[in-house]
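# What the coordinates show
Here is how the chains run, residue by residue.
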Amino acid sequence: MLPWVKKVNVTMSAQPARPVFTGLLPPGLRTISNIVAVSSCKGGVGKSTVAVNLAYTLADMGARVGIFDADVYGPSLPTMVSPQYRLLEMNPETKTIIPTEYLGIKLVSFGFSGQGRAIMRGPMVSGVINQLLTTAEWGELDYLIIDMPPGTGDIHLTLCQVVPLTAAVIVTTPQKLSFIDVAKGVRMFSKLKVPCVAVVENMCHFDADGKRYYPFGRGSGSQVVQQFGIPHLFELPIRPTLSASGDGGMPEVVADPQGEVAKIFQDLGVCVVQQCAKIRQQVSTAVTYDKSLKAIKVKVPDSEEEFFLHPATVRRNDRSAQSVDEWTGEQKLQYGDIPEDIEPEEIRPMGNYAVSITWPDGFSQIAPYDQLQTIERLVDVPQPTSIQA
Ligand code: ADP
């Protein structure tokens, strides 16, 4: 707008985030930079509504986005969006799933698999989720939004094992009772080392006769934020249009991009982008095997600290049902069962919270980082000088 300016050069020094996950992941997931779970502890609180509108908001901000509807019991994505092709296709050569698309967002849902609402038991559900998520050709994505099934059960664990979630957004309603459920959800994610970056308190209030009503009371969302130190709370009003656009197959933020609801989602979108960028700067715990030292090396994030563990000690500390009686807590493995010179064959990260160690006898041990911290350390291996200091 300055009349004397004829030409402007802009140097952008900040690069868009690159995927940090390496070849250890299923190929379809390697090109995704951030994976964000949208979760609630009860059904019907508006989790899918938030997941879908958040996804379209991020896309509107210029990001490449995909939505994975993990709610196998009641997939809502097929109702909330209206893609031209309502069936997922399989690439016959690579046996990978090609996501369907609506307004530039890639979509995978059990509801697009042509099987309707099947009756499935727990292990089947985990299998289906695993297959849909890991064999989909997501391509390069800045954000994959996962619409989690409600609750804090097996499926969540499976998901967190298959993919390293970057962050979680929790959706709740203002009732006092919801607070208890939300607390459960936050604790689950924190056990799995997934930071909750925002709480969305849905159906907070509505306006009528020039007045604002809070039909479910106030305050449970802010209580969550205070108690768990979650940085952000977003209040979403009750809006008939939000429900109508969800049922009509066009997300509210697309139908009314200038509206009050779209504004709240823009704030949520900015929060998710900023928080994910922050989280990605923290490197996670790295566990590797040093063949020359015959020791497992554990590097703790955000510190210079690294320590070494004797492989046989790690194996002897396995707490799975194969090694420990689940009822009595009694150790089933005898000390001598594990050879002193046993060496791991492969160490692979599992989500953000554990590594999976494969041993020569085929046993695959899940070792949570917390547990590795408590195992007796090797002292007679070379230590970095900073530790000695
Ligand atoms: P969940 O995924 O938690 O089961 P949904 O997102 O499917 O919940 O929402 C349940 C129903 O409530 C849907 O019909 C949705 O359109 C409606 N809904 C969600 N949030 C609001 C809101 N703020 N105002 C009006 N209706 C809403």
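This one's a predicted model, so the numbers in the text were calculated from it and none came from an experiment. (Residues numbered from 1 in each chain as written. Predicted model: local features only at pLDDT ≥ 70, side-chain atom pairs only at ≥ 80, totals over all residues. Heavy atoms only, no water.)

Check the secondary structure of the protein chain and you find 12 helices and 18 strands. Taking all contacts inside the protein chain whose residues are at least 6 apart in sequence as the whole, residues at least 24 apart take part in 68%. (Helix = DSSP H or I, 4+ residues; strand = E, 2+ residues; numbered from the N terminus. Contact = heavy atoms within 4.5 Å.)

This paragraph deals with the nonpolar core. Ranked by size, the top nonpolar core spans 82 residues in total, and within it Phe68, Trp138, Ile146 and Phe189 carry the most contacts. Apart from the residues lying within four places of it in its own chain, the contact partners of Phe68 are Val108, Ile129, Leu132, Leu133, Trp138, Leu144, Ile145, Ile146, Asp147 and Leu159. Of all hydrophobic cores here, the second largest spans 19 residues; its members include Val287, Ile296, Phe307 and Leu372. (Core = buried A, V, L, I, M, F, W, Y, C linked by side-chain atoms within 4.5 Å. Buried < 20%, exposed > 50% of the residue type's maximum accessible area, 1.4 Å probe, protein only.)

Before going further, it helps to spend a moment on the pairing of strand 1 (residues 32–39). Most of strand 1 is tucked away, with 8 of its 8 residues classed as buried. As judged from the 6 bridges shared by strand 1 and strand 7 (residues 141–147), these two strands associate in the parallel manner. Residue pairing across strands places Val38 opposite Asp147, the latter belonging to strand 7. Bridging between strand 1 and strand 8 (residues 167–172) involves 4 bridges; their strand directions are parallel. By the bridge assignment, Val36 is partnered in strand 8 with Ala167. (Pairing = 2+ DSSP bridges.)

The environment of the ligand is formed by 16 residues, the closest being Gly44, Ser48, Thr49, Asn202 and Pro237. Ser48 has a polar backbone atom sitting 2.8 Å from an oxygen atom of the ligand. Interatomic distance of 2.5 Å between a side-chain N/O atom of Thr49 and an oxygen atom of the ligand. Bound to the protein, the ligand loses 80% of the 560 Å² it would expose on its own. Those elements giving two or more residues to the shell around the ligand turn out to be helix 1 (47–60) and helix 7 (240–248). For the shell around the ligand, the class distribution of residues is 6 nonpolar, 7 polar and 3 charged. (Near = heavy atom within 4 Å. Polar contact = N/O pair within 3.5 Å; in protein donor to acceptor, adjacent residues only side chain to side chain. Areas by Shrake-Rupley, 256 points an atom, 1.4 Å probe, with all protein chains shown as cover. Nonpolar A, V, L, I, M, F, W, Y, C, P; charged D, E, K, R; others polar.)

Further remarks concern the pattern of salt bridges. Proximity of charged atoms lets side chains of opposite charge pair with each other. One pass over the structure, following the stated rule, counts 12 salt bridges. Where Glu305 meets Arg377, a salt bridge forms, and the shortest distance between an N and an O atom there is 2.9 Å. Taken together, the residues Glu305 in the loop between strand 14 (295–299) and strand 15 (306–309) and Arg377 in the loop between helix 11 (369–374) and helix 12 (385–388) connect sequence positions 72 residues apart. Accessibility expressed as a relative area gives 33% for Arg377, which makes it partly exposed. Of the charged contacts in the structure, one is a salt bridge between Glu340 and Arg316, with a shortest N-O distance of 3.1 Å. Note that Glu340 is positioned in the loop between helix 10 (311–316) and strand 16 (346–350) and Arg316 in helix 10, a separation of 24 residues in sequence. Taking the relative accessible area as the measure of exposure, Arg316 reaches 13% and is therefore buried. Salt bridges sharing common partners tie together Lys47, Asp71 and Asp147. (Salt bridge = Lys/Arg side-chain N within 4 Å of Asp/Glu carboxyl O.)

What follows is about the pairing of strand 18 (residues 364–368). Going residue by residue along strand 18, you find Gln365 and Ala367 tucked away on one face and Ser364, Ile366 and Pro368 left uncovered on the opposite face. Linking strand 17 (residues 354–358) to strand 18, which pair antiparallel, is a turn of 5 residues; within it Gly362 sits at a positive phi near 90 degrees.

Between its first and last C-alpha atoms helix 5 (residues 176–191) spans 24 Å; for 16 residues at 1.5 Å apiece the expected length is 22 Å, and the two agree. Every buried residue of helix 5 is listed here: Ser178, Phe179, Asp181, Val182, Ala183, Gly185, Val186, Met188 and Phe189. Each element contacted by the buried residues of helix 5 is listed here: strand 1, helix 4 (154–162), strand 8, strand 9 (196–201) and helix 6 (220–228). (Expected span 1.5 Å × (residues − 1).)

Further remarks concern the packing of helix 5 against helix 6. Interhelical geometry of helix 5 versus helix 6 gives an angle of 30 degrees and a closest axis separation of 9 Å. You can see that helix 5 and helix 6 cross each other, and the crossing is right-handed. Here helix 5 contributes Lys176, Phe179, Val182, Ala183, Val186 and Arg187 to the contact with helix 6, which in turn contributes Ser220, Gln223, Val224, Gln227 and Phe228. (Axes fitted to C-alpha atoms, helices over the stretch in contact; angles between N-to-C directions. Left-handed = near helix turned anticlockwise from the far one by under 90°.)

Glancing now at the sheet that holds strand 16. As a general point, the strands of a sheet are linked pairwise by backbone hydrogen bonds and lie either parallel or antiparallel. Taken together, the 3 strands give an open sheet; going across it, the order is 16-17-18, and neighbouring strands pair in antiparallel fashion. Looking at which strands have only one partner, the edges of the open sheet turn out to be strand 16 and strand 18. Averaged over neighbouring strand pairs, the angle between their axes works out to 25 degrees when direction is ignored.

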